[in-house]
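Okay, here's what each chain looks like letter by letter:
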Amino acid sequence: ATTAASPMSVTIGGRIVNPALPVVDASPPTATEASFNNILQEFTDDNVPLESQDGIRKRERVLDRMGQLCRDWIKNVCLKASLPKDAVENAGGQLFTSGSYRLGVHEPGADIDTILVAPNVCTKEDFFGTGYTPPDYDGESELANVRAPDSLAEMIRNHPDVTNFVPVENAMVPIL
């Protein structure tokens, strides 16, 4: 999805990118600045691959599916917490992008850094599936890498379209 363009916006890979901070000097570039800009643009055109329109659309589909998966997981966590039906239905949750994708400077095939904002009923243990003991656990085998099958980490890892998934559990903010 794109947002409305401001006077200082640029279009990168089909997306409108607006300045994050106020513009210090909005006067037109000098001849020297324009020359440097042309050199940088030529270098970028020759050396920095841009995502194709098909690639951009595929990423948007992936993010839509990932967002839906996250919202479904949040509802399941709310149901397990025995929240009222209206709280479950309105639990929300939102997936945000960050990193090179968010800045519009990702290369084709690059990862998509995401941040999930979820209600506080969703814990880190729910997210990663840690502390899970399988119903058929014999009490003797190692449980170090066993995760709850209904955790978001396992739902993503086991999704048929996922080819590479690295949950970063020791981060201060869980990172997918």
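Structure: above.
Scoring rules and cut-offs
Residue positions are given per chain, counted from 1 along the sequence in the order it is written. Restriction of local features to residues with pLDDT of at least 70 applies here, the model being predicted, together with a cutoff of 80 or more for giving and counting side-chain atom pairs; totals for whole chains, interfaces and linings are based on all residues. Working from all heavy atoms in the structure, the side-chain values ignore hydrogens and water. Think of it this way: any DSSP run of H or I at least four residues long counts as a helix, any run of E at least two long counts as a strand, and we number them from the N terminus. Relative accessibility decides the category of a residue: with a 1.4 Å probe and only protein chains considered, values under 20% of the type maximum give buried, values over 50% give exposed, and everything between is partly exposed. Two distance rules govern patches: like charges are joined within 9 Å, and nonpolar side chains (Val, Leu, Ile, Met, Phe, Trp, Tyr) within 5 Å, applied only to residues with over 30% relative accessible area and no salt bridge. Residue burial considers only the protein chains on display, and all accessible areas are found by Shrake-Rupley using a 1.4 Å probe. Just to be clear on terms, a salt bridge is a Lys or Arg side-chain nitrogen sitting within 4 Å of an Asp or Glu carboxyl oxygen.

(A) Up close: the environment of Lys80. Take Lys80: it is sitting in helix α2 (residues 53–80). Assessed through its relative accessible area of 54%, Lys80 is described here as exposed. For the pair Lys80 and Val121, spaced 41 residues apart in sequence, the C-alpha separation works out to 10.0 Å.

(B) Molecular detail of a nonpolar patch on the surface. A surface patch of nonpolar side chains, about 400 Å² in accessible area, is lined by Leu40, Phe43, Val48 and Leu50. One can find Val48 in the loop between α1 (31–47) and α2.

(C) Main features of the pattern of salt bridges. Using the criterion set out here, one finds six salt bridges in the structure. Two residues, Arg57 and Asp54, come together in a salt bridge whose shortest N-O distance is 2.5 Å. With a gap of three residues between them, Arg57 and Asp54 both fall in helix α2, about one helical turn apart. Notably, a salt bridge pairs Arg157 with Glu154, separated by 2.8 Å at the nearest N-O pair. With Arg157 and Glu154 both in helix α6 (residues 152–157) and three residues apart, this pair spans about one turn of that helix. Owing to a relative accessible area of 13%, Glu154 belongs among the buried residues under this scheme.

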